Amino acid sequence: MTTDIYYFSGTGNSLYIAKTLKNHISDSNLIPIAAILNETSDKINNSIKNVTETIGFVFPCHGLTIPIPVKKILKLLNLSSSKYIFAIVTRGGSVFHGFSAINKILNKQGRQLDASFIIDMGMNDPKLISFFVPTAKELKVIEMNVQEKLNTIQNRITNQEEYHDDISGDTFSRFNSLNYVLERLVAFTVHYIAPKVKKYFYTDSKCVGCGICEKVCLSRKISMVNDKPIWQNHIDCYYCYTCLNFCPTESIQIYSKFYMKSYTKEKGRYPHPYARVKDMINQKKCPSSFINLRSKYSTIGKKEKLVITQLEVVN
Ligand SMILES: Cc1cc2nc3c(=O)[nH]c(=O)nc-3n(C[C@H](O)[C@H](O)[C@H](O)COP(=O)(O)O)c2cc1C
Ligand code: SF4
Ligand code: SF4
């Protein structure tokens, strides 16, 4: 039985989980969400039918819920013929409300998650006062816990078990009603207010013009102009923080005046210990020998357009 694992990863945590799962689940494929969205966004007009029986999504927690690109791909995929659907979120440790957001999308196809798992890993958001770069000792502890959790996840997926992790985690106050309001406010801020801030990212004088940020940018928002990165306003950001965490001189900062106080100047950066720049670049590639997007021409309005109808992984 084939398993397709869709992944999205800003700094390598979710990539590590997706890769490890692939190595332990026979006949499984890794599908990079960023590549599908970037390379086909102009061609996708219909939902993409996925023909695989087991399908999984691995991604980070963003603002207590699912990242923008994960929401996008879920809305595009037709999963009606999938038999078992699972999701794995990697997070810094807060409460996570994303599984209900996924189920809301899947319900429209009469489906819901058969299994949902949470894995606590290194936090990759240096704008927060609580952010810290884990020491080698702390990383070892995280890795041990991750391996232990992965073993049970692999078994549950292989046995197609119905299972749902407890979503609780760090929150804001001991009062549930206050948390209810604040948690929704955070999700709204990360997903709807932050994208409105025009100069959210900027570079300080440490920028050496190496262009790594442009190469790793998962949404292709960054463009190098005169050896300086420009965040193009007309392209949506995924808030993966890949640019921020992979800049070798730590010169990318987050502007804080109209949003929330940012600590990027004081804090270090976090890429997963095994993640390399080339892993992030590979996440943007959609090799045609690997992923075959079946398409046909159809008339949309007055125009004839190429419509993606089926996504098939070719080994
Ligand atoms: C924009 C943004 C928002 C985040 N929000 C949360 C959050 O609400 N709760 C949490 O526990 N971690 C949060 N994180 C941390 C990531 O979920 C966590 O570090 C994750 O494992 C990163 O995975 P990745 O390397 O695959 O992107 C956030 C990270 C970013 C960049
Ligand atoms: S990765 Fe950093 S140093 Fe390199 S161009 Fe981008 S901002 Fe400048
Ligand atoms: S600009 Fe930075 S945070 Fe936004 S999509 Fe590109 S790499 Fe990710």
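Read on for a plain summary of the structure.

Details of the overall build of the protein chain
If you tally the helices and strands in the protein chain, you get nine helices and 14 strands. In the protein chain, which comprises 315 residues, the share counted as buried stands at 36%. Across the protein chain, every contact between residues at least 6 apart in sequence was considered, and the portion connecting residues at least 24 apart equals 77%.

Topic: the site of ligand 3
As a matter of local geometry, ligand 3 sits amid 13 residues, with Cys217, Ser219, Cys237, Cys240 and Cys243 nearest to it. Residues of the shell around ligand 3, tallied by class, amount to ten nonpolar, two polar and one charged.

What about the site of ligand 2?
Residues in contact with ligand 2 amount to 13 residues; listed here are only the nearest, Cys207, Cys210, Ile212, Cys213 and Cys247. Tallied by class, the residues present in the shell around ligand 2 amount to eight nonpolar, five polar and no charged.

Quick notes on helix α5 (residues 136–158)
A rise of 1.5 Å per residue sets the reference length of α5, with its 23 residues, at 33 Å; its end C-alpha atoms lie 32 Å apart and thus fit the reference within 8%. Looking at the residues trailing α5, positive phi occurs at glutamine 160, about 55°.

Observations regarding the sheet that holds strand β8 (residues 163–164)
If you walk across this open sheet you meet the six strands as β2-β1-β4-β6-β7-β8, and the pairing is parallel. Edge strands, defined here as strands with exactly one partner in the open sheet, are β2 (28–32) and β8. Sheet topology note: the strand β1 (residues 3–7)/β2 ladder contains five bridges and is parallel. Each residue of the ladder has a partner; that of threonine 3, found in β2, is serine 28. Packing against the sheet, α5 makes contact with β6 (84–91), β7 (115–120) and β8, and its axis sits at approximately 170° to β7.

Brief notes about helix α4 (residues 98–107)
What α4 keeps buried is the set Gly98, Phe99 and Ile102. Down the axis of α4, the buried side of the element spans an arc of 100°, and every buried residue falls inside it. Seen from the buried face of α4, the exposed residues on the opposite side, beyond 90 degrees, are Lys104 and Asn107. Among the structural elements, α3 (68–76), β6 and β7 are those in contact with the buried residues of α4.

A short note on the nonpolar core
Of all hydrophobic cores here, the largest spans 64 residues; its most connected members are Tyr7, Ile33, Ile73, Ile88 and Cys243. Ignoring sequence-local partners within four residues, the contact set of isoleucine 33 consists of Tyr6, Tyr7, Phe8, Pro69, Val70 and Ile73.

Describing unusual backbone geometry
Leave glycine aside and you will find that most residues have negative phi; peptide bonds, for their part, are mostly trans. If you check the backbone angles, aspartate 27 has positive phi at about 55° while not being a glycine. In this structure, aspartate 27 sits in the loop between α1 (13–24) and β2. On the basis of neighbour counts, which here come to 10 C-beta atoms within 10 Å, the residue aspartate 27 falls in the exposed class. Here the phi dihedral of tyrosine 241 falls at roughly 60°; this positive angle occurs in a residue that is not glycine. The residue tyrosine 241 is located in the loop between β11 (228–231) and α8 (242–246) in this model.

Some points on the pairing of strand β4 (residues 54–60)
Counting buried residues along β4, seven of its seven residues qualify, which places the element largely inside the surrounding structure. Burial along β4 is two-sided: the residues Thr54, Gly56, Val58 and Pro60 and Ile55, Phe57 and Phe59 are all buried. Bridge count between β1 and β4: five bridges; the pairing is parallel. Across the sheet, threonine 3 pairs through a bridge with threonine 54, a residue of β4. As judged from the seven bridges shared by β4 and β6, these two strands associate in the parallel manner. Bridged to phenylalanine 59 within β6 is valine 89.

Some points on the environment of lysine 127
Structurally, the position occupied by lysine 127 is in the loop between β7 and α5. Non-local contacts of lysine 127, meaning those with residues more than four positions away in its chain, are made with Ile254, Ser262, Tyr263 and Thr264.

Some remarks on the environment of isoleucine 68
Mapped onto the secondary structure, isoleucine 68 falls in helix α3. It is 6.1 Å that separates the C-alpha atoms of isoleucine 68 and tyrosine 238, two residues lying 170 residues apart in sequence. Those residues within four positions of isoleucine 68 in sequence are excluded, and the remaining contacts are His191, Tyr238 and Tyr239.

Cut-offs used in this document
- Residues numbered from 1 in each chain as written.
- Chains lettered and ligands numbered in written order.
- Predicted model: local features only at pLDDT ≥ 70, side-chain atom pairs only at ≥ 80, totals over all residues.
- Helix = DSSP H or I, 4+ residues; strand = E, 2+ residues; numbered from the N terminus.
- Buried ≥ 20, exposed ≤ 12 C-beta atoms within 10 Å, placed from the backbone.
- Contact = placed C-beta atoms within 7 Å.
- Near = placed C-beta within 6 Å.
- Nonpolar A, V, L, I, M, F, W, Y, C, P; charged D, E, K, R; others polar.
- Expected span 1.5 Å × (residues − 1).
- Pairing = 2+ DSSP bridges.
- Axes fitted to C-alpha atoms, helices over the stretch in contact; angles between N-to-C directions.
- Arc of directions from axis to C-beta.
- Core = buried A, V, L, I, M, F, W, Y, C linked by C-beta atoms within 7 Å.

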